[in-house]
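# Secondary and tertiary structure notes
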Amino acid sequence: MTRGKVISLLNNVAFALNALLLVLLLGEGRLVIPDALATAGRFHIVMLHLPIGLIFVLPVIAWVNGKGVDTSLRKLEQIVLHLVAVLTASTALAGLFLTFDAGYDPAAAKWHKWLGSLLAFASYVTIRIHGKNVRKGYYFALAVLMGLVFWAGHLGGKMTHGDHFLFPPDKIDHRPNVDEHTPIFTAFIKPILDQHCVSCHRDGKAKGKLVMTNVSGIVQGGASGPLVMATRGDESEMIKRMRLPLDHEDHMPPRKKSQPSEADIDLIKTWIDLGADFDQSLADLDTTESAEVFRSKYSSLPKATVAYDFDAADADQIADLNTPFRAVRPTHEGSPALDATIFVRAVYEPVFLEELAAVGDQIVSLSLLNLPVRDEELSTVGDFKNLEKLILNGTDIDGSGLAYLRNCSQLRSLGLSECQVDFSQLQVLADFPSLREISLWNTPISPEQITALKKDMPGVQFELGYVPDPSEQVSLSPPILINEELIIKSGEMIELKNMFEGVETRYTLDGSEPDSSSLQYEGPFPLTSAVELKVRAYRDGWQPSRSKSYGLYMVGHEYEAELVTSPNPQYPGSGANGLHDLTFGKTNSLKSPAWLAYREGPMVATLTFAKDTDVDEVVVKCGQNIGAWVLAPQQISVWGGADVDHLHKIGEIVPPASKEGGGNRDLPLRVKVTKGSYKVLRLEVQPLKRLPSWHQGAGNPSWVFVDEVFVYG
């Protein structure tokens, strides 16, 4: 086909497309677009980049060609112009179809639609101007095309990505100032939704008919139904969508959008589990474990700005004070006030506190939580004259050093919980003019003494934890595992603790639910293998606690690992080393490098010992995350022998199938093998080939996630 025929064909196509576009625009009010055609309109977002690119090429060709005397460049201009006319008209038609499907704000879509159509018409007119060889007129037409591209592009970007997409305003920090009466939704949840969700779900662009910029929109939900189900986080559509695999078509936010972290998703789930109350504030929270999640994050939120009249400390000085066991940071950006925290009881030394005197005038908040701090060391703290909050919970003080704090004239909040403080020593606090809050739960102070303190300090609120009504049976808190790590070293003992005196602890080691006839905890005890420890507290006159589970693993035989099959590229973990690096992954953070994931086929690995080793059990730690399609494996098989060429099957299990509503949890899967001495083991972990019928992904292959393999014998 000759160039002339190509030009003629493109011209006819451009004319026909523009004519069709004009007819559809004029009759738009009476149009009924078939679903297939409306869906095809989604290609508008893909198509628009090519005509835009060609339009930007045209001024370059015009500049090189000058007065248009170069015949070859003029022919190139002609071809590019005709391509632009065809592509802009096609893109405008696709955009018109898209407005019937995507849930865009009609007002915003109207202007973008007409500007895009005007760009298509102007492109066709530019062909005619170019044919008359009037260069000034042609340059003016190109300027019009460029202007329309910028204008239509700005409105399109605004519809897709939010206001001021092309011309953003100066950045302003709109994070809310918070205090204890700030609604949890406002302080914690809304900032996550604003960052990751509202660009597609807002008044101007309600994809899926869902608006997430206001409470009513979130409560109403979208085309898929309610967004949240109060007290049922795992069943809520928001959580389900966020936890789908990234490449799943229903995963939200879409793959190319900014993704919330697993911690953010967990925070939203916790809020839903607590009832999805849009008005509940930090001050309204009870003492449940879920509520503590928000309390622990409160200190990291921006607080209402307080003006201080003292100078800021030297930045280098602050940097020098930050160590692995001490953190010193401004309370908020630009403030001279400092927040200081010292960590880790086992390594604490008084000098850690003494060194803070260098910035003592700037410290307004100090946490010494659970450190072996003694009363005489409070003399150092007494020099921090601007101190407002002091946390001494769990320290070794008896209260005799509280008098040192008289110089802290701004002290408002004092934490003394879980300290063996003496009542007579507490009476000095009545002389502290600014004190407004004292925590005293789990201390020797009697109810009668508390009454006396309240009388002496009427302006102070005393935090006493939960004080049970003798006539009311309430549930106990479950026992706490004292061990800091879930991987137990040889000789280490398992230690449990209860929050109240006189509580009896019952436990099991096989994952079964403990009851009043289960093993009774009498003191620290050893482990010989991996176990699923479940504990429950009992006390006369109280309801038993809920059971709490801990997956505990003894350090097993050392080995070198090699992966025979490669993990899925999305979740490569840290390779074979991840099977024995003693680093656990969390089931609500599947992107952790601790996890190796397989879906298309089994995980096959060889484990090689330095010498022949007695083996009678292999424990494979897998993960379960129902919403993310991560279920228990279909089968685990173990082979053993003297080398890789002489292996025979020594053990196999079919793990209990994951159940609907099973949630996120670790799966310590034990394979009892033929007891013997082996130099090499081969392990095969087979994922489910089809998700069960109750699962939303029924019929699709499941994922299997593995992070550690322990070998015992």
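Here's what I pulled together on the structure shown here. These numbers were taken from a predicted model, which means no experiment stands behind them. (Residues numbered from 1 in each chain as written. Predicted model: local features only at pLDDT ≥ 70, side-chain atom pairs only at ≥ 80, totals over all residues. Heavy atoms only, no water.)

The next subject is the packing of aromatic side chains. What the rule picks out here adds up to 16 aromatic pairs. With 4.9 Å between their ring centres and 5° between their planes, Tyr507 and Phe525 make a pair best called stacked. Of this pair, Tyr507 sits in strand β13 (residues 504-508) while Phe525 sits in the loop between β14 (519-520) and β15 (531-538); the two residues are 18 residues apart in sequence, bridging distant segments of the chain. Overall, Tyr507 belongs to the buried group, its relative accessible area being 9%. Under the relative-accessibility criterion, Phe525 is labelled buried at 10%. Grouping aromatic residues by their ring pairs yields a cluster made of Tyr553, Phe584, Phe710 and Tyr712. Over the ring of Trp639 we find Arg682; its NZ or CZ atom is 4.4 Å from the centre of that ring. (Phe/Tyr/Trp six-rings, centres within 6.5 Å; stacked < 30°, edge-to-face > 60°. Helix = DSSP H or I, 4+ residues; strand = E, 2+ residues; numbered from the N terminus. Buried < 20%, exposed > 50% of the residue type's maximum accessible area, 1.4 Å probe, protein only. Lys NZ or Arg CZ within 6 Å of the ring centre and 35° of its normal.)

Between Met252 and Pro253 the backbone carries a cis peptide bond, its omega angle lying at -5°. Mapped onto the elements of the fold, Pro253 is located in the loop between α10 (237-242) and α11 (262-273). A positive phi angle is found at Asn370, which is not glycine, with a value near 60°. Tracing the backbone shows Asn370 in the loop between β5 (363-367) and α15 (378-381). Unlike most non-glycine residues, Asn442 shows phi in positive territory, near 55°. Its location among the elements puts Asn442 in the loop between β8 (437-439) and α17 (447-456).

Attention now moves to the sheet that holds strand β3 (residues 326-330). Reading across from one edge, β3-β4-β5-β6-β7-β8-β9 is the order of the seven strands in this open sheet, with mixed pairing throughout. Unpaired on one side and paired on the other, β3 and β9 (461-463) mark the two borders of the sheet. Ignoring which end each strand starts from, the neighbouring axes of this sheet average 10° apart. Relative to strand β7 (residues 413-415), strand β6 (residues 389-391) runs parallel, the two being bridged by three bridges. (Pairing = 2+ DSSP bridges. Axes fitted to C-alpha atoms, helices over the stretch in contact; angles between N-to-C directions.)

Among the 23 residues that make up strand β19 (residues 603-625), 17 are buried, leaving the element largely enclosed by the rest of the structure. Pairing geometry for strand β17 (residues 560-563) and β19, over four bridges, is antiparallel. For Ala561, the partnering residue across the bridge sits in β19 and is Leu607. One ladder, built from 18 bridges, connects β19 with strand β22 (residues 664-686); its direction is antiparallel. Looking at the pairing, Thr606 lines up with Arg682 of β22.

It is at 10 Å that the axes of helix α8 (residues 184-196) and α11 come closest, and there the two elements cross at 135°. In terms of orientation, α8 and α11 fall into the oblique class. Crossing angle aside, the handedness with which α8 passes α11 is left-handed. Contact with α8, carried on its side by Ile184, Phe185, Phe188, Ile189, Ile192, Leu193 and His196, involves Asp264, Leu267, Ile268 and Trp271 of α11 and no other residues of that element. (Parallel < 35°, antiparallel > 145°, perpendicular 65-115°, else oblique. Left-handed = near helix turned anticlockwise from the far one by under 90°. Contact = heavy atoms within 4.5 Å.)

Once that is clear, we can look at a nonpolar patch on the surface. On the surface, Val60, Trp63 and Val64 cluster together into a nonpolar patch covering about 380 Å² of accessible area. Following the sequence through the fold, Val64 ends up in helix α4 (residues 49-65). (Patch = residues over 30% accessible without salt bridge, like charges linked within 9 Å, V, L, I, M, F, W, Y side chains within 5 Å. Areas by Shrake-Rupley, 256 points an atom, 1.4 Å probe, with all protein chains shown as cover. Salt bridge = Lys/Arg side-chain N within 4 Å of Asp/Glu carboxyl O.)

Okay, the environment of Leu683 next. Here Leu683 lies in strand β22. On the basis of relative accessible area, Leu683 is assigned to the buried category, the value being 2%.

For side chains of opposite charge, pairing can occur when their charged atoms come near one another. Counted under the stated rule, the structure contains 20 salt bridges. Across the salt bridge formed by Lys190 and Asp194, the nearest N and O atoms sit 2.9 Å from each other. One end of the pair, Lys190, and the other, Asp194, are both in helix α8, four residues apart, so they sit about a helical turn from each other. The exposure class of Asp194 is partly exposed, given its relative accessible area of 34%. As a salt-bridge pair, Asp339 and Arg329 come within 3.6 Å of each other at their nearest N and O atoms. Placement of Asp339 in strand β4 (residues 338-342) and of Arg329 in strand β3 is noted, with a sequence separation of ten residues between them. Overall, the relative accessible area of 38% leaves Arg329 in the partly exposed class. Salt bridges sharing common partners tie together Asp234, Arg243 and Asp266.

What follows covers the environment of Pro336. Structurally, the position occupied by Pro336 is in the loop between β3 and β4. When its relative accessible area of 16% is taken as the criterion, Pro336 is described as buried. Taking the C-alpha atoms as reference points, Pro336 and Asp314, 22 residues apart in sequence, are found 9.7 Å from one another. When residues no more than four places from it in sequence are discounted, the contact partners of Pro336 are Tyr308, Phe310, Asp311, Ala312 and Gln362.

Position of Arg536 relative to the elements: it lies in strand β15. Residue classification places Arg536 among the buried residues on the basis of a relative accessible area of 18%. Here Pro514 takes part through its backbone oxygen, which lies 2.8 Å from a polar atom of the side chain of Arg536. Sequence-distant contacts of Arg536, that is, excluding residues within four places in its chain, are made with Pro479, Glu504, Thr505, Arg506, Glu513, Pro514, Pro544, Ser545, Arg546 and Ser547. (Polar contact = N/O pair within 3.5 Å; in protein donor to acceptor, adjacent residues only side chain to side chain.)

The next point concerns the pairing of β13. With four of five residues buried, β13 is to be regarded as a mostly interior element. Where β13 and β15 come together, five bridges link them in antiparallel fashion. Bridging from a neighbouring strand, Tyr507 pairs with Val535 of β15. Inspection of the sheet shows β13 paired to β14 by two bridges, in the antiparallel sense. Bridge pairing in β14 places Arg506 opposite Gln520.

Glancing now at the sheet that holds β14. A sheet is described by the order of its strands in space; here five strands give the open sequence β11-β16-β15-β13-β14, paired in mixed fashion. Across the chains shown, the open sheet's two edge strands, defined by having one partner strand only, are β11 (487-488) and β14.

For the rest of this paragraph, the subject is the nonpolar core. In this structure, Leu356, Leu366, Leu402, Leu416 and Leu429 are the most contacted members of the largest nonpolar core, which totals 46 residues. Every element with two or more residues in this core is listed here: α13 (315-321), β4, α14 (350-354), β5, α15, α16 (423-426) and α17. It is β4 that contributes the most residues to this core, three residues altogether. Among residues more than four places away in sequence, those in contact with Leu402 are Asp375, Leu378, Ile397, Leu414, Leu416, Gln425, Leu426, Val428, Leu429 and Phe432. Ranked by size, the runner-up nonpolar core spans 35 residues in total, among them Val86, Leu93, Ala122 and Tyr138. (Core = buried A, V, L, I, M, F, W, Y, C linked by side-chain atoms within 4.5 Å.)

A word on α11. Taking 1.5 Å of rise per residue, the twelve residues of α11 would be expected to cover 16 Å, and the 16 Å separating its terminal C-alpha atoms lies within 8% of that figure. Judged by how many residues are buried, α11 sits mostly within the fold: nine of twelve residues are covered. The set of residues buried in α11 consists of Glu262, Ile265, Asp266, Leu267, Ile268, Lys269, Thr270, Trp271 and Ile272. Looking at the residues trailing α11, positive phi occurs at Gly275, about 120°. (Expected span 1.5 Å × (residues − 1).)

What follows covers the side chain of Asp339. Given a relative accessible area of 15%, Asp339 falls into the buried group. Every residue in contact with Asp339, bar those within four places of it in the chain, is listed here: Ala327, Val328, Arg329, Thr331 and Ser365.

Read these as geometric descriptors, not functional statements.
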